[in-house]
Amino acid sequence: DSGVTQTPKHLITATGQRVTLRCSPRSGDLSVYWYQQSLDQGLQFLIHYYNGEERAKGNILERFSAQQFPDLHSELNLSSLELGDSALYFCASSVAGYRDTQYFGPGTRLTVL
Amino acid sequence: AQTVTQSQPEMSVQEAETVTLSCTYDTSESDYYLFWYKQPPSRQMILVIRQEAYKQQNATENRFSVNFQKAAKSFSLKISDSQLGDAAMYFCAYRSGETSGSRLTFGEGTQLTVNP
């Protein structure tokens, strides 16, 4: 158990819908990262937040957004869902920034029908 | 941009034997970190081992060790005394040591099968 929690574990929804994935980092960690794992794209970095502020963006679609709250938990919002958004979404956390090891949560499996 | 390549989509090993997984990367940076993560059927991403580029000594964690060849940009993982629980997808990952380098860049993965 990495200490990073993600909810829900599984999510099934329809095209065009909007969902919110939630992540709680390890106690004491200030950084949260979101990654997407799909069959065709592999593991891709989406976005990084540090202590409530966005620090880096990867290949994140405009339909996707994220935020980190004062209690340091983070939410990834996915809207206007398409079939291709079906994937495993991971949250990872680290103590601070670029020199720290990232520890991953168990992931949220999103299925868009 | 940095790239990570794992040229072995699948590998197999007999229980108690030793196996080596290959990884190469491309970067122009001198300060960076390399990682091996394991993803068992549960899909959880588990850190196996970490190597700092500035360290000449190869990292080891129990039965897991790396062969870090900085000039060749090679970072292989050796698993000794393989166990059934080692069966998983293994990902090699790169992370920049610069202030802007927060993301992990992953290879395609190597599926390891351990035969009893």
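Whatever comes next refers back to the structure up there.
Here goes a summary of the coordinates provided. (Residues numbered from 1 in each chain as written. Chains lettered and ligands numbered in written order. Predicted model: local features only at pLDDT ≥ 70, side-chain atom pairs only at ≥ 80, totals over all residues. Heavy atoms only, no water.)

Description of the side chain of Thr110(B)
Residues and elements named next belong to chain B.
And step 1. Inspection of the secondary structure puts Thr-110 in strand E12 (residues 110-115).
And step 2. The buried category is assigned to Thr-110, whose relative accessible area is 0%.
And step 3. Leave out the neighbours within four places in its chain, and Thr-110 touches Gln-6, Gln-8, Pro-9, Glu-10, Met-11, Leu-21, Ala-88, Met-89 and Tyr-90. (Helix = DSSP H or I, 4+ residues; strand = E, 2+ residues; numbered from the N terminus. Buried < 20%, exposed > 50% of the residue type's maximum accessible area, 1.4 Å probe, protein only. Contact = heavy atoms within 4.5 Å.)

Structural notes on the interface of chain B and chain A
And step 1. Facing 21 residues of chain B, the contacting portion of chain A comprises 23 residues.
And step 2. Of the roughly 1,800 Å² buried where chain B meets chain A, counting both sides, 50% is carbon and sulfur surface.
And step 3. Summed over the three residues of chain B that lose the most area to chain A, namely Arg95(B), Ser102(B) and Arg103(B), the buried surface amounts to 27% of that side.
And step 4. One can count zero salt bridges joining chain B with chain A.
And step 5. Taken together, the connections running from chain B to chain A amount to eleven residue pairs in polar contact (both at pLDDT 80 or more).
And step 6. Secondary-structure elements contributing two or more residues to the side of chain B that touches chain A are strand E5 (32-39), strand E6 (46-52) and strand E10 (88-96) of chain B.
And step 7. Classifying every residue of the side of chain B that touches chain A by side-chain character gives eight nonpolar, seven polar and six charged. (Buried area = accessible area lost by both parts, 1.4 Å probe. Salt bridge = Lys/Arg side-chain N within 4 Å of Asp/Glu carboxyl O. Polar contact = N/O pair within 3.5 Å; in protein donor to acceptor, adjacent residues only side chain to side chain. Nonpolar A, V, L, I, M, F, W, Y, C, P; charged D, E, K, R; others polar.)

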